[in-house]
Amino acid sequence: MRSFIFNIIFWPTLIVFALITWVISFSGWRAGVRTLMRVACRTVRGLMRHILGAPVDVRGTPPTGQAVIIAAKHQSWADGFLMMAIMGDINFVIGNEIGKFPLVGRIIRVSGATMVNSPGLTGAQGALAEAINAAADDPRPLLIYPEGRLPPVGESFRYRKGVHLMYETLERTVIPVATNSGLRWPQNRWTKHPGPAVIEFLDAIPPGLPRDDFLPRLKLTIETRTRALEAEGQAAKEARS
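Residues numbered from 1 in each chain as written. Predicted model: local features only at pLDDT ≥ 70, side-chain atom pairs only at ≥ 80, totals over all residues. Heavy atoms only, no water.

### Notes on the side chain of Thr226
Residue position: Thr226 is located in helix 7 (residues 211-240). Setting aside residues up to four positions removed in sequence, Thr226 forms contacts with Lys73, Gln75, Ala178 and Thr179. (Helix = DSSP H or I, 4+ residues; strand = E, 2+ residues; numbered from the N terminus. Contact = heavy atoms within 4.5 Å.)

### Some details on helix 2 (residues 30-52)
In this model, helix 2 (23 residues) spans 32 Å end to end at C-alpha, consistent with the 33 Å of a helix rising 1.5 Å per residue. Inspection of helix 2 places Gly32, Val33, Arg34, Leu36, Met37, Arg38, Ala40, Cys41, Val44, Leu47, Met48 and Leu52 among the buried residues, and these make up the whole buried set. Backbone geometry just after helix 2 places Gly53 at a positive phi near 75°. (Expected span 1.5 Å × (residues − 1). Buried < 20%, exposed > 50% of the residue type's maximum accessible area, 1.4 Å probe, protein only.)

### So, the layout of surface pockets
Its volume calculated, the second largest pocket comes out at about 200 Å³. For the second largest pocket, the lining is made up of 15 residues, of which Val153, Gly182, Leu183, Pro186 and His193 are closest to its centre. Of the residues that constitute the lining of the second largest pocket, the class distribution is five nonpolar, six polar and four charged. (1 Å grid on protein atoms, 1.4 Å probe; cavity = no way out; pocket = protein on both sides within 12 Å on 5 of 7 lines; lining within 4 Å. Points joined across faces, edges and corners; volume = space filled by probe spheres on them. Nonpolar A, V, L, I, M, F, W, Y, C, P; charged D, E, K, R; others polar.)

### Some details on a positive patch on the surface
Where like charges cluster on the molecular surface, the positive patch consists of Arg149, Arg158, Lys161 and Arg211. Among the structural elements, Lys161 can be located in the loop between strand 5 (142-144) and helix 6 (162-170). Overall, the relative accessible area of 45% leaves Lys161 in the partly exposed class. (Patch = residues over 30% accessible without salt bridge, like charges linked within 9 Å, V, L, I, M, F, W, Y side chains within 5 Å. Areas by Shrake-Rupley, 256 points an atom, 1.4 Å probe, with all protein chains shown as cover. Salt bridge = Lys/Arg side-chain N within 4 Å of Asp/Glu carboxyl O. Lys, Arg positive; Asp, Glu negative; His and termini not counted. Charge placed at Lys NZ, Arg CZ, Asp CG, Glu CD.)

### Digging into unusual backbone geometry
Even without being a glycine, Glu171 presents a positive backbone phi close to 55°. When you line up the elements, Glu171 lands in the loop between helix 6 and strand 6 (174-179). Located in the positive-phi region is Gln187, a residue other than glycine, with phi close to 45°. Inspection of the secondary structure assignment puts Gln187 in the loop between strand 6 and strand 7 (197-201). By relative accessible area, which is 16% here, Gln187 ends up buried.

### So, the nonpolar core
Among the nonpolar cores identified, the biggest contains 37 residues, and Met48, Met83, Phe92, Leu143, Ile199 and Phe201 are the most heavily contacted of them. When contributions to this core are tallied by element, the ones reaching two or more residues are helix 1 (2-25), helix 2, strand 2 (69-72), helix 3 (78-87), strand 3 (91-95), helix 4 (104-111), strand 6 and strand 7. Considering every element that reaches this core, the biggest residue donor is helix 3, with eight residues. In this view, Phe201 contacts Val58, Arg59, Gly60, Thr61, Pro62, Pro63, Met83, Ile86, Met87, Ile175, Pro176 and Val177; residues no more than four positions away in its chain are not counted. Counting 21 residues, the second-largest nonpolar core is a separate cluster that includes Val93, Ala135, Tyr159 and Ile222. (Core = buried A, V, L, I, M, F, W, Y, C linked by side-chain atoms within 4.5 Å.)

Put into structure tokens, the structure is as follows:
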């Protein structure tokens, strides 16, 4: 029942925010667009807590206001909402397939997000290089999901070389982030589940590592901690049963 009520409130709420933000986007008022996006994301976090019964437990120290790269595990549609709700004004890398959703493509472009061709599409590498150049002068934290897509809970995909290209080119510290959000909001599914959703900011990876050292370290760090958070979340669910 919680999942059903959450969905019938979430979708109309998101549509209202999208319509308002889309209209404002034509004014060229980028700060207003970003503000409304943050308010929408905080609203989603509130709905998760109060309607779905899935409060967000933030662990570690979010690097707000720092020019770092945040490399995060991506299990759920909730992830983007929650990261912006937690971090505030951030830049983020997003595939251009988002443009298939009405209104959203324009909102993302006007917000100044770093848009790239989706993995596997022609020109994706060149588009990423252009996006990195555009991000170089942006002092906000830059969020990227290294796998490029949503793996099910307990699984992972290859960590794509684009995250190292950003790390190497921008010469920024990387903050790995683990989560068990997929236990509460599995991928993009309609059915959701109550219980705490954990987002944990892990120890920083300093600049300067070669790709063959950086990518395995990043994946081991994120996946090891994610598996532990998944086990913790499953144990809490069983204890409530």
